[in-house]
Amino acid sequence: MSDDDFASRIEQHRRELRVHCYRMVGSFDEAEDLVQEVFLKAWRARDGFEGRSSLRSWLYRIATNVCLDALDGRKRRLLPDQANPDYAPGQPVATLVTGPWLQPFPDALREPYALREARPLREPRTVREPVAPRQDEPEAAVVARETLELAFLAAMQHLPPRQRAAVILCDVLGWPARQTAQVLDGSVASVNSALQRARVTLREHLPPGRSDWAPAAPPTEPQRQVLRRYLDAVERGDLDEVAELLAKDVRATMPPLPEWFADRESVLAALAATWDPTSAEYIGALRMIPTSANGQLAAASYRRPPGQQVFEPFGIGVLQVRDGLITEIVAFHEPALFPAFGLPPTLDR
């Protein structure tokens, strides 16, 4: 094929390769850089692609090994409650692990036809899974077993890199052990052994009640109603309403802050301090925009600091809602991620 045809064909796989790299490394920013490295390596090796495997498989082999090289000697990306499981409110921050942390993945960047513009508060965007195409079609995702949930990503971080790759290739993408062994330059027996050990570790670190790593169902309308009530309550600073929406054992983390909270009372106490205009911890007025990340409900928060005129990016919170209550909030305070979510740089009201 011509150079132009080759460039066009590999570009068609950008989305799924970005998702693959993200699963491997747990960082959206790093996944973006790694995909660029994959394309560069593929371009340099294009004359050596002989077509004995599909172009997609060849690209996954390059991407997997690029990620394994990147992970060599790296610290695991976790969430604050995993890195500091024994934390208690009031503990000195200097005693805590401070990252690196997982990052969220914008659903708009894995949905081929998703609208990326921010939606009004009353119109949350719908999370849709694309239909799984044939193996060598663009945007292939093997949706039947796909998962990008934060709980899954966090559990994956407890695996050594090669076990992580084996699980993603075999259990997420559905590749046979023989094909995975070729990618990892190993034997079928070594892949099966890695999978066996990895599955045990994953079950130890997945949330209670999750016996496997199949993707959760898309958010339901009742769950979206909970999100809308939560966003409205946050904008109004209504602690009583927020309290009604939080589970008693709600878990809240706020990367890059290493502290975390394990119950409703401690979450409300933290909010009360930051929402009180008379408090030294007051963060200002808030505005909220619904979005979605990792196949989960999410919300972008903007704050207007005291004395300022505009609302500036503050954080992206990924929520878990069960039985009508919010059971987990992971609030990523990384304003630099807002452009990837298609969110406006500021709000004027």
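Summarised in this report is the structure supplied together with it. (Residues numbered from 1 in each chain as written. Predicted model: local features only at pLDDT ≥ 70, side-chain atom pairs only at ≥ 80, totals over all residues. Heavy atoms only, no water.)

**Section: the overall build of the protein chain**
Helix and strand counts for the protein chain stand at 12 helices and 6 strands. When burial is assessed residue by residue, the protein chain has 51% of its 349 residues classed as buried. Of all intrachain contacts in the protein chain linking residues separated by at least 6 positions in sequence, the fraction that spans at least 24 positions is 64%. Surface exposure of the protein chain reaches about 16300 Å², of which carbon and sulfur atoms provide 50%. (Helix = DSSP H or I, 4+ residues; strand = E, 2+ residues; numbered from the N terminus. Buried < 20%, exposed > 50% of the residue type's maximum accessible area, 1.4 Å probe, protein only. Contact = heavy atoms within 4.5 Å. Areas by Shrake-Rupley, 256 points an atom, 1.4 Å probe, with all protein chains shown as cover.)

**Observations regarding the packing of aromatic side chains**
Taken as a whole and assessed by the stated rule, the structure comprises 7 aromatic pairs. Seen from their ring centres, F6 and W43 are 6.1 Å apart, and the 50° between their planes marks the pair as tilted. Here the residue F6 occupies a position in helix 1 (residues 3-11), and W43 occupies one in helix 3 (residues 28-44), the gap between them amounting to 37 residues. Ring geometry for F49 and W58: centres 4.9 Å apart, planes at 40°, overall tilted. Judged on exposure class, the residue F49 and its partner W58 are both buried. Pairwise contacts between aromatic rings join F6, W43, F49 and W58 into one cluster. Taking NZ or CZ as reference, R46 lies 3.8 Å from the ring centre of W43, over its face. (Phe/Tyr/Trp six-rings, centres within 6.5 Å; stacked < 30°, edge-to-face > 60°. Lys NZ or Arg CZ within 6 Å of the ring centre and 35° of its normal.)

**Some words on the environment of P290**
Positionally, P290 belongs in strand 3 (residues 285-293). Each C-alpha atom, one on P290 and one on G317, is 9.5 Å from the other, the two residues being 27 residues apart in sequence.

**Examining the sheet that holds strand 6 (residues 325-332)**
Strands belonging to one sheet form pairs held by backbone hydrogen bonds; the direction of such a pair is parallel or antiparallel. Reading across from one edge, 2-1-6-5-4-3 is the order of the 6 strands in this open sheet, with mixed pairing throughout. Unpaired on one side and paired on the other, strand 2 (260-261) and strand 3 mark the two borders of the sheet. Pairing of strand 3 with strand 4 (residues 296-304), which is carried by 9 bridges, proceeds in the antiparallel orientation. Each bridged residue has a counterpart across the sheet, and for I289 the counterpart in strand 4 is A300. The strands that helix 10 (residues 221-236) touches are strand 3, strand 4, strand 5 (312-322) and strand 6; relative to strand 3, the one it contacts most, it runs at about 160°. Running over the sheet, helix 12 (residues 264-275) touches strand 1 (246-253), strand 2 and strand 3 and is turned about 60° from strand 1. (Pairing = 2+ DSSP bridges. Axes fitted to C-alpha atoms, helices over the stretch in contact; angles between N-to-C directions.)

**Examining the packing of helix 2 (residues 14-25) against helix 4 (residues 55-71)**
Taken N-terminus to C-terminus, the directions of helix 2 and helix 4 make an angle of 30°; their axes are 10 Å apart at the nearest point. Comparing the axis directions of helix 2 and helix 4 gives the class roughly parallel. The interaxial crossing formed by helix 2 with helix 4 has right-handed handedness. Taken together, the residues of helix 4 that come into contact with helix 2 (itself represented by E16, L17, H20, C21, M24 and V25) are R56, L59, Y60, A63, T64, C67, L68 and L71. Each residue belonging to the contact of helix 2 with helix 4 can be placed in one class, and the counts come to 10 nonpolar, 2 polar and 2 charged. (Parallel < 35°, antiparallel > 145°, perpendicular 65-115°, else oblique. Left-handed = near helix turned anticlockwise from the far one by under 90°. Nonpolar A, V, L, I, M, F, W, Y, C, P; charged D, E, K, R; others polar.)

**Comments concerning the packing of helix 1 against helix 4**
Contact geometry of helix 1 with helix 4 gives a least axis separation of 10 Å together with a crossing angle of 70°. Accordingly, the angle class assigned to the pair helix 1 and helix 4 is roughly perpendicular. For the pair helix 1 and helix 4, the contacting residues are F6, R9 and I10 in the first and L55, W58 and L59 in the second. Of the residues assigned to the contact of helix 1 with helix 4, the class counts are 5 nonpolar, no polar and 1 charged.

**Considering the side chain of Q103**
Within the fold, Q103 resides in the loop between helix 5 (80-83) and helix 6 (150-156). For Q103, a relative accessible area of 4% gives the class buried. There is a polar contact of 2.9 Å between the side chain of Q103 and the backbone nitrogen of F28. Those residues in contact with Q103 that sit more than four places away from it in its chain are Y22, G26, S27, F28, D29, L150, F332, E334 and L337. (Polar contact = N/O pair within 3.5 Å; in protein donor to acceptor, adjacent residues only side chain to side chain.)

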